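# Structural description and commentary
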Amino acid sequence: MRKIIVLLVLALLPLGLSAQEQEAGASTKETKESKEKKTKNLKAVFTGFSGGMMLHGGYLFSDDPTKVFSNTGLGSREYVKGLPKDGFCYGLGGALRAHLINHIHLGAEGFVSTMSMMKTGSNVRTAWGGVLCDFYTDWGKVRPLIGMTVGGGAMRRLYVPDQAEGVHYEGDTTHYNASYVKTPFFFMDPYVGLEIGLNNHMAVIIRIDYMLPFGTSISNLAENVKWSNFMTPSGPRLYVGIMFGKLKRE
């Protein structure tokens, strides 16, 4: 009887090992298929990436020249009314984006823009950055898009008078010859644009925006400036640049 039991055990042992091997093989196959499925789903969501640089030019304006320099504390001075209230700006910046489900860009961007005035060195320089999101579609090699950037920045206002000797006010012991103030702001920046594909990894981007900055002064000299104020000068900008990355629709 013992010999029979031993023989039965020895006979069934290979079958048990074979079953374990089949089970392990099935588990490995299932794990592989699961990984492939996850990879496929990830590729369906994350469909590309891109980044690049853009140059821009624009036209900024204010309805009153005193608002352009209001944060310098010069708004109450009569001669400020003769200062310019608009002008052209120029600058550059860059963006980095992830492409999602072949219809959404999600990323970040930052720019610097300078508006020169009066030929005296006076200028308004704006620097900003934030998170962007836009929606796009494909028309062959052309990809129209519409979106918005939200973030923060700062407006730096430098005022240099026309007269080299500076400005002096009766009853005022201060001798004014220049003023510089930095004003932080929150902004929303709607934009529309086109990307024109040159190949699978390079495209020309053309974009128009109109940034809406809201901020307050860090100086007590501007009593009428509040956080809810819409800051000026502001206006449209035209961007032209090159984007690199995985741009081809799969």
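In the block above lies the structure referred to throughout.
Now for a description of the structure that goes with this document. Note that the structure is a prediction, hence the values are computed from the model and not measured. (Residues numbered from 1 in each chain as written. Predicted model: local features only at pLDDT ≥ 70, side-chain atom pairs only at ≥ 80, totals over all residues. Heavy atoms only, no water.)

### Details of the side chain of S50
In this structure, S50 sits in strand β1 (residues 46–61). Looking at S50, the relative accessible area reads 0%, which means it is buried. Here H99 takes part through its side chain, which lies 2.8 Å from a polar atom of the side chain of S50. Excluding residues within four positions of it along the chain, S50 makes contact with A95, L96, R97, H99, M243, F244, G245 and L247. (Helix = DSSP H or I, 4+ residues; strand = E, 2+ residues; numbered from the N terminus. Buried < 20%, exposed > 50% of the residue type's maximum accessible area, 1.4 Å probe, protein only. Polar contact = N/O pair within 3.5 Å; in protein donor to acceptor, adjacent residues only side chain to side chain. Contact = heavy atoms within 4.5 Å.)

### So, the environment of C89
Checked against the element boundaries, C89 lands in strand β2 (residues 86–100). The class for C89 is buried, based on a relative accessible area of 4%. Distance from C89 to R125, taken between C-alpha atoms, is 8.8 Å for residues 36 residues apart in sequence.

### What about the pattern of salt bridges?
For the structure on display, the rule yields three salt bridges. With a shortest N-O distance of 2.6 Å, R97 and E195 are connected by a salt bridge. Here the residue R97 occupies a position in strand β2, and E195 occupies one in strand β8 (residues 179–199), the gap between them amounting to 98 residues. Overall, R97 belongs to the buried group, its relative accessible area being 6%. The exposure class assigned to E195 is buried, which follows from its relative accessible area of 4%. Residue D138 is joined to R143 by a salt bridge in which the shortest nitrogen-to-oxygen separation is 3.0 Å. On the accessibility criterion, D138 (24% relative accessible area) is partly exposed. Of the residues examined, R143 reaches a relative accessible area of 6% and is grouped as buried. (Salt bridge = Lys/Arg side-chain N within 4 Å of Asp/Glu carboxyl O.)

### A closer look at the nonpolar core
Across soluble globular proteins, nonpolar side chains have a tendency to be buried as a group. Counting residues in hydrophobic clusters, the biggest one holds 25 residues, and the most contacted among them are M54, M115, M117, V124, W128 and F185. Elements that contribute at least two residues to this core include exactly β1, β2, β3 (104–117), β4 (122–136), β5 (142–159), β8 and β12 (236–246). Considering each element in turn, this core owes the most residues, four residues, to β4. Residues within four places of M115 in sequence aside, it is in contact with L60, D86, G87, F88, C89, S122, N123, V124 and P233. (Core = buried A, V, L, I, M, F, W, Y, C linked by side-chain atoms within 4.5 Å.)

### Observations concerning a nonpolar patch on the surface
Where nonpolar side chains cluster on the molecular surface, the patch consists of F135, I146, V192, L194, I196, I206, I208, L238 and V240 and spans about 750 Å² of accessible area. Elements supplying a minimum of two residues to the nonpolar patch: β8, β9 (202–210) and β12. It is β8 that provides the largest number of residues to the nonpolar patch, a total of three residues. Note on placement: L238 falls in strand β12. (Patch = residues over 30% accessible without salt bridge, like charges linked within 9 Å, V, L, I, M, F, W, Y side chains within 5 Å. Areas by Shrake-Rupley, 256 points an atom, 1.4 Å probe, with all protein chains shown as cover.)

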